[in-house]
Amino acid sequence: MKSAVENLTPTRVKLNVEVPFEELKPSIDEAYKTVASQIQVPGFRKGKVPSKLIDQRVGRGYVLETAINEGLNGWYQAAVQESGIRPLSRPEVEITEVPDPTSTDGELKFHAEVDIRPEIELPDYAGIKVEVAAAESSDEDVDKALDELRGRFGTLKSVDRPAADGDFLTIDITATIDGADVDSASGLSYQVGTETMLEGLDEAVTGLSVDEDAIFETTLVGGDHAGESAQVKVVVKAVKERELPEADDDFAQLASEFDTLAELREDLAKQAADSKVVEQGVEARDKVLDKLVELIAVPVPDSVVDEQVDAHFKEGNGHGEGEHDTEEHREEVKANTARAFQNEVILDAIAEKEEVNVSQAELIDYIVSAASQYGMDPNQFAQIIDQSGQVPMMVSEVRRRKALAVVLGQATVTDTDGKTVDLSDFVRPGGEEEAPAVEAGATKGTTAETEATPSDDPAAVKF
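What you see is a predicted model, and the numbers here were worked out from it, not measured in a lab.

Q: Sorry, what's going on with empty space enclosed by the protein here?
A: Summary: where empty space remains is shown by rolling a probe the size of a single water molecule over the atoms. Tallying each qualifying case throughout the model produces two cavities of 30 Å³ or more. Approximately 40 Å³ is the volume found for the second largest cavity. Lining the second largest cavity, in full, are Phe 21, Ile 28, Arg 60, Leu 64, Pro 99, Asp 100, Pro 101 and Ser 103. When residues of the lining of the second largest cavity are traced back to their parent elements, those giving at least two are helix H1 (21–36) and helix H3 (60–83). Within the lining of the second largest cavity, the residues separate by chemical class into five nonpolar, one polar and two charged.

Q: Would you mind showing me how to read the layout of surface pockets here?
A: Looking at the second largest pocket, its volume works out to about 310 Å³. Looking at the second largest pocket, it is lined by 14 residues, and the ones nearest its centre are Ala 145, Glu 148, Arg 152, Leu 268 and Gln 271. For the lining of the second largest pocket, the elements supplying multiple residues, two or more each, are helix H4 (139–152) and helix H7 (261–295). Each residue belonging to the lining of the second largest pocket can be placed in one class, and the counts come to six nonpolar, three polar and five charged.

Q: Please clarify how a negative patch on the surface should be interpreted in this entry.
A: On the surface, Asp 249, Asp 250, Asp 259, Glu 263 and Glu 266 cluster together into a patch of negative charge. Structurally, Glu 266 can be placed in helix H7.

Q: Help me understand the sheet that holds strand E4 (residues 107–115) in this model?
A: Remark on secondary structure: sheet strands pair via backbone hydrogen bonds, oriented parallel or antiparallel. Taking strand neighbours across the sheet as the criterion, the four strands line up as E1-E2-E4-E3 in an open arrangement whose pairing is antiparallel. The two strands at the open ends of the sheet, each matched to only one other strand, are strand E1 (2–9) and strand E3 (92–97). The average undirected angle you get between the axes of adjacent strands in this sheet is 20 degrees. On the sheet, H1 packs against strand E2 (12–20) and E4 and is oriented at approximately 80 degrees with respect to E2. Together, E1, E2, E3 and E4 form the strand contacts of H3, whose direction differs from that of E4 by roughly 60 degrees.

Q: I would appreciate a short explanation of helix H10 (residues 360–374) in the present structure.
A: Two residues of an α-helix separated by three or four positions point the same way, owing to the 3.6 residues in each turn. In this model, H10 (15 residues) spans 21 Å end to end at C-alpha, consistent with the 21 Å of a helix rising 1.5 Å per residue. If you follow the buried residues of H10, they end up packed against helix H11 (378–387) and helix H12 (391–410). Following H10 by one or two positions, Gly 375 has its phi on the positive side, about 70 degrees.

Q: Sorry if this is basic, but what is going on with the nonpolar core here?
A: Soluble globular proteins: nonpolar side chains tend toward being buried together. The biggest cluster of nonpolar side chains holds 31 residues, and the ones touching the most others in it are Ile 28 and Ile 54. Only E2, H1, helix H2 (51–57), H3 and E4 provide two or more residues apiece to this core. When residues of this core are assigned to their parent elements, the largest contribution, nine residues, is made by H3. Residues in contact with Ile 54, not counting those within four places in the same chain, are Tyr 32, Val 35, Ala 36, Ile 39, Val 49, Gly 59 and Val 63. One finds Tyr 125, Val 298, Ala 411 and Val 413 within the second-largest nonpolar core, a separate group that totals 29 residues.

Q: I'm lost on H3 in this one. Help?
A: The first and last C-alpha atoms of H3 sit 32 Å apart over 24 residues, in line with the 34 Å expected at 1.5 Å per residue. Its maximal kink placed at Gly 71, H3 deviates by approximately 45 degrees. Restricting attention to buried positions, one finds in H3 the residues Val 63, Leu 64, Thr 66, Ala 67, Ile 68, Gly 71, Leu 72, Trp 75, Tyr 76, Ala 79 and Val 80. As for H3, its buried residues are in contact with E1, E2, H1, H2, E3 and E4. Two residues or fewer past H3, Gly 84 is found with a positive phi of approximately 80 degrees.

Parameters and conventions
- Residues numbered from 1 in each chain as written.
- Predicted model: local features only at pLDDT ≥ 70, side-chain atom pairs only at ≥ 80, totals over all residues.
- Heavy atoms only, no water.
- 1 Å grid on protein atoms, 1.4 Å probe; cavity = no way out; pocket = protein on both sides within 12 Å on 5 of 7 lines; lining within 4 Å.
- Points joined across faces, edges and corners; volume = space filled by probe spheres on them.
- Helix = DSSP H or I, 4+ residues; strand = E, 2+ residues; numbered from the N terminus.
- Nonpolar A, V, L, I, M, F, W, Y, C, P; charged D, E, K, R; others polar.
- Patch = residues over 30% accessible without salt bridge, like charges linked within 9 Å, V, L, I, M, F, W, Y side chains within 5 Å.
- Areas by Shrake-Rupley, 256 points an atom, 1.4 Å probe, with all protein chains shown as cover.
- Salt bridge = Lys/Arg side-chain N within 4 Å of Asp/Glu carboxyl O.
- Lys, Arg positive; Asp, Glu negative; His and termini not counted.
- Charge placed at Lys NZ, Arg CZ, Asp CG, Glu CD.
- Pairing = 2+ DSSP bridges.
- Axes fitted to C-alpha atoms, helices over the stretch in contact; angles between N-to-C directions.
- Contact = heavy atoms within 4.5 Å.
- Expected span 1.5 Å × (residues − 1).
- Core = buried A, V, L, I, M, F, W, Y, C linked by side-chain atoms within 4.5 Å.
- Buried < 20%, exposed > 50% of the residue type's maximum accessible area, 1.4 Å probe, protein only.
- Bend = angle between axes of the 7 residues up to and from the residue.

Written out as structure tokens, the structure is:
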């Protein structure tokens, strides 16, 4: 078999393929067996009809057509392998020449047009310069962290006053559409100001006392009427406020390993400083990725964008997404899809250049983090992604994160005060050494006893 690639655009090629008769013959022999199992000829068992009789009954042309249809994908895949292209879409195939059915010679010729991942040229990305916000922790940061910690040990106390921001309520709600009740719930717990239930609920309950009610218009977010506008009646059944424990040495001993409040505050100050470094690291990482996209031209195939946009709005059907299917929203999805594709191509190229590998420990960390986002047990989550064949995809995501970390580690990062920012701990926390590289499927039987790491990396976009 011979194949040749003709470039049509930077992201689309025509693959010209020629299959000689000797390579076509095994498919023809299989086609005879297929046709023999499909027809019934008196005097012959099914599947045992001679080839000559099949030619008389259905014609050799039909057998040849069957052979081509069954073998076409295999020849196409072989041509893809031989040419080294990386297809992104289904090929559009056109057969241009077939052997003469009456002859035992000739060849099959076809061409396939397909969108491919573009080849890019990487510039010298060492020393990319980015500026991030100056970050210094303050006493206010420590106070906020201490209040959050106190909140974990707080107790709820009923109060006889109107509901205010931050209060914890017990509420009953009833939703009606055109005067008919469509949904209701009793005894729901809700904290005012969290905006985690229905739009407009915070405004409706603020100022209400026990047994008082309010009616507000909103869009339902769940159930059979999700996405529809409804009138919701909310009744406040209880108002509680969180009572925080006193910030003293006793609390420090209760909530931490420290004996005194001063020691606890010192540790919280260190955590706040570390958090500021992480914030700078995230900002620097995002800006480095933006710089890479500016430096490297990555053409994006229309078919890739169209497929993702269609999938986005198709998945949204029945969940209120139809109301958001506007031109503005579509343009936003297109832009996000194109950017995600550019990120992938650039970071994959960098990973290849830098010979980035993924250790099993790194993959486990990523799986633990992803599992926590879905509220699942890490081992169960690992089994699901293994059984669904998604391990290679996750390996690729971790590999891209590491590739971006390589570039970030070579970048020059300064803050708005002109100070150099040291992100060595952010790029490679803890100074851990490399473990053996992981292969697809290597998650079977492993346990995840590592601490979850953040997975909000813009490079780790599922595409």
